[in-house]
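# Topology and contacts: notes
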Amino acid sequence: MKGDYQDLVDEISALLGAPATLENRDFRLIAFGAHDSDDDLAMDPVRTRSILTRQSTAAVRSWFEGFGIARATGPVRIPAAPDAGVFRGRICLPVRYRGIVQGYVWLLDQEPGKPGPGPAALDAAMEVAQRIGVLLAEEAKAGANLSREFLAVLTAGRGWQQDMAVAALRVALGPGGDGLHVAVCVAPWPGEAPASVPGAAAVCVVPRRGGGEPGGAAGPGAAAAAGAGPEPAGEPALAVLLRLRSTDALAPALAAVARLLPRAAEATGTGGKGGTGGGGTGGGPAATSTAAATAHRVTAGVADPVRGLADLPAAWEQAVAAARAAAAQPRFGPVAQWSGIGPYRLLATLAADPVDDPAARTLLAPANRELARTTEVFLDCAGQAGRAAAALGIHRQTLYYRLARVEQLTGLDLDEGEDRLLLHMALKTSRLA
């Protein structure tokens, strides 16, 4: 597939007499033509970064999208802007398929006063761009068509069934199956999987196990306040298998995830009317997604990257745990990475049901919510009374009084390490239940 893109980019370069680059709709580089000019202005900072890092920054994307390229159906000329790092004007050929933008072909425009490509040459180049659009759409559709194989890997039991499911997905993905991937969980996800997700190798909707949905209780005592015991089966989650170029290049994956969050919030009827529009450089799709998801408890978890598919089931568990941690702890934001959720990496694998430890049961009751919060902050501060009192905004003597009440309610001794560990785990786990 990459060879097909390169051939088509070279064809456009030949038609227009200028080196062309092809990026997907997330401004991620796919192919570029040879550049042999001695003109220093031809390789300005924006173009250089795009080729060397194979992607553009959010600010660059927002600046170019301001010229209407996402809505255009024909070539768009963009003037030079040295202050933005664009030393030479650009010609953008939108790559579309059935009216939907799939990517962009970029060329350097001629300097002022020199003739550029004529209408006939640009029309011919747009015909090639349409062929690229078909390829990009087919590639995205292929990922969606692997939903059955992908789902089988994520839901198969351990042992030979899982091995067979992984083998089937590897065959379906072809040579790309041995590459670098990252698993993502978005929850809750109502309805069907999206028709396409940029950069995705496979997409599917996964039924959630009981008591494990990310949008559950938000703090100590909340599980008890909800009423009864274990919840019924949780809402489904969206599973996405994203391709990566390297383990330290997660930015494209995180950008793709950020665009999914408001879609889930709107589909559940809880999202606002604001989309992912990025008219300025200070906000953009990720910022809008963050605000919507934080308000409406739609969360996403991103696993550690894996090479090949053998570790994909474990990576999915990481993604689910990270999504649940994001729902439990707002400080993680709506998109949490497994590597950054700390103790929730262990707690999320343990807490399938609401906490019902005898020692913590009374503390987690709705009537003792303030005591539960006080205890959690105290333990988060490593038992340092001064720090805890400052964090809670109370006098140290008030803190001591509350902790004494906690010891009476739980029968635990907060001077004992194991008692502290038990209570701390119970409080943290109650957020996940």
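To keep things clear, this report deals only with the structure shown in the data block. Source: prediction; values computed, not measured.

### Remarks on the packing of helix α5 (residues 147–155) against helix α6 (residues 160–173)
For the pair α5 and α6, interaxial distance at closest approach is 8 Å and the crossing angle is 150°. By the criterion of interaxial angle, the relationship of α5 to α6 is roughly antiparallel. Note on packing geometry: the crossing formed by α5 with α6 is left-handed. The segment α5 lies against α6, with Glu 149, Phe 150, Ala 152 and Val 153 engaging Gln 162, Ala 165, Val 166, Ala 168, Leu 169 and Ala 172. Of the residues in the contact of α5 with α6, the class split is 8 nonpolar, 1 polar and 1 charged.

### Regarding helix α10 (residues 312–328)
Taking 1.5 Å per residue as the helical rise, α10 with its 17 residues ought to reach 24 Å, and the 24 Å between its terminal C-alpha atoms agrees with that figure. Most of α10 sits inside the fold, with 15 of its 17 residues counted as buried.

### Brief notes about the packing of helix α13 (residues 369–380) against helix α15 (residues 396–410)
Two elements in contact, α13 and α15, have axes whose closest approach is 10 Å; the angle formed by their N-to-C orientations is 105°. When the axis of α13 is compared with that of α15, the two are roughly perpendicular. Seen from α13, the contacting residues are Glu 370, Leu 371, Thr 374, Thr 375 and Phe 378; seen from α15, they are Leu 399, Arg 402, Leu 403, Arg 405, Val 406 and Leu 409. For the contact of α13 with α15, a count of residues per class yields 6 nonpolar, 2 polar and 3 charged.

### Concerning the sheet that holds strand β5 (residues 100–108)
Spatial ordering of the open sheet is given by β2-β1-β5-β4-β3, a layout of 5 strands whose pairing is antiparallel. The open sheet is flanked by β2 (29–32) and β3 (76–78), the only strands paired with a single partner. Strand-to-strand twist in this sheet, taken as the mean axis angle between neighbours without regard to direction, amounts to 25°. Where strand β1 (residues 20–24) meets β5, 5 bridges bridge the pair, whose relative direction is antiparallel. Its bridge partner being in β5, Ala 20 is matched across the sheet by Leu 107.

### Comments concerning the side chain of Asn 368
With respect to the element layout, Asn 368 can be found in the loop between α12 (358–361) and α13. Setting aside residues no more than four positions away along its own chain, Asn 368 makes contact with Thr 362, Leu 363 and Leu 409.

### A closer look at the pattern of salt bridges
Applying the stated criterion to the full structure yields 8 salt bridges. Lys 428 is paired through a salt bridge with Asp 380; the nearest N and O atoms lie 3.1 Å apart. With Lys 428 in helix α16 (residues 417–432) and Asp 380 in helix α13, the pair connects residues that are 48 residues apart, well separated along the chain. Look at the salt bridges and you will find they share partners, linking Glu 370, Arg 373 and Arg 402 into a network.

### Remarks on the pairing of β2
Sheet topology note: the β1/β2 ladder contains 3 bridges and is antiparallel. Across the sheet, Thr 21 pairs through a bridge with Phe 32, a residue of β2. What sits between β1 and β2 in their antiparallel hairpin is a turn of 4 residues, with Phe 27 showing a positive phi close to 65°.

### A short note on the nonpolar core
Judged by nonpolar contacts, the single largest core of 27 residues is most densely connected at Phe 150, Leu 154, Cys 185, Leu 241, Leu 312 and Trp 316. Listing elements by their share of this core, those giving two or more residues are α5, α6, β6 (180–187), β7 (200–206), β8 (237–244) and α10. Sorting elements by how many residues they give to this core places α10 first, with 6 residues. Core analysis: the next-biggest nonpolar cluster, separate from the first, contains 23 residues, Leu 8, Ala 20, Leu 122 and Val 128 among them.

Rules used in this analysis
- Residues numbered from 1 in each chain as written.
- Predicted model: local features only at pLDDT ≥ 70, side-chain atom pairs only at ≥ 80, totals over all residues.
- Heavy atoms only, no water.
- Axes fitted to C-alpha atoms, helices over the stretch in contact; angles between N-to-C directions.
- Helix = DSSP H or I, 4+ residues; strand = E, 2+ residues; numbered from the N terminus.
- Parallel < 35°, antiparallel > 145°, perpendicular 65-115°, else oblique.
- Left-handed = near helix turned anticlockwise from the far one by under 90°.
- Contact = heavy atoms within 4.5 Å.
- Nonpolar A, V, L, I, M, F, W, Y, C, P; charged D, E, K, R; others polar.
- Expected span 1.5 Å × (residues − 1).
- Buried < 20%, exposed > 50% of the residue type's maximum accessible area, 1.4 Å probe, protein only.
- Pairing = 2+ DSSP bridges.
- Salt bridge = Lys/Arg side-chain N within 4 Å of Asp/Glu carboxyl O.
- Core = buried A, V, L, I, M, F, W, Y, C linked by side-chain atoms within 4.5 Å.

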